[in-house]
Amino acid sequence: MARDNRAKSAELLTVRQVLDELGGISRRTFYRWRELRLAPACIRLPNGELRVRRDVLNEWLEDRAEGAAS
């Protein structure tokens, strides 16, 4: 079971999957957030594609929850 949790947290999401998880925001908005350093940290693969680790996205969302401690 612990292995499943580690595998899930290490899951690499495509930009499309991240956009869908964020309620369908536009690709342009996501890349604008990246320019402004507001987006979750990404991993650039050798082929140039971006991926976001599941645990990084979850933490990023947690940090932006209303009422989150500063």
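For the structure itself, look to the data block above.
Because the structure is predicted, anything quoted here is derived from the model rather than measured.

Next up on the list: the side chain of arginine 51. Considering the arrangement of structural elements, one finds arginine 51 in strand β3 (residues 50-53). Apart from residues lying up to four places away in sequence, arginine 51 is in contact with Leu12, Leu13, Thr14, Cys42, Ile43 and Leu45.

All right, on to the sheet that holds strand β2 (residues 43-44) then. Ordered in space as β1-β3-β2, the three strands form an open sheet in which the pairing is antiparallel. Looking at the sheet topology across the chains shown, the edges are occupied by β1 (12-14) and β2. Of the pairings in the sheet, the one linking β1 to β3 comprises three bridges and is antiparallel in character. Bridge assignment links leucine 13 to a residue of β3, and that residue is valine 52.

What helix α4 (residues 54-63) keeps buried is the set Arg54, Leu57 and Trp60. One side of α4 carries all its buried residues, which in axial view fall inside an arc of 130°. Facing away from the buried side of α4 by over 90 degrees, the exposed positions are Glu59 and Glu62.

With that settled, consider the packing of aromatic side chains. Throughout the structure, instances matching the rule amount to two aromatic pairs. Pairing phenylalanine 30 with tyrosine 31 gives two aromatic rings, centres 5.7 Å apart and planes at 85°, and the pair type is edge-to-face. We classify phenylalanine 30 as buried; its relative accessible area is 0%. Residue tyrosine 31 is classed as partly exposed on the basis of its relative accessible area, which comes to 31%. With 5.9 Å between their ring centres and 45° between their planes, tryptophan 33 and tryptophan 60 make a pair best called tilted. Within this pair, whereas tryptophan 33 is found in helix α3 (residues 27-35), its partner tryptophan 60 is found in helix α4, the two being separated by 27 residues in sequence. Classification of tryptophan 33 by relative accessible area gives partly exposed; the value is 24%. With relative accessibility at 10%, the residue tryptophan 60 sits in the buried group.

How each quantity is defined
Residues numbered from 1 in each chain as written. Predicted model: local features only at pLDDT ≥ 70, side-chain atom pairs only at ≥ 80, totals over all residues. Heavy atoms only, no water. Helix = DSSP H or I, 4+ residues; strand = E, 2+ residues; numbered from the N terminus. Contact = heavy atoms within 4.5 Å. Pairing = 2+ DSSP bridges. Buried < 20%, exposed > 50% of the residue type's maximum accessible area, 1.4 Å probe, protein only. Arc of directions from axis to C-beta. Phe/Tyr/Trp six-rings, centres within 6.5 Å; stacked < 30°, edge-to-face > 60°.

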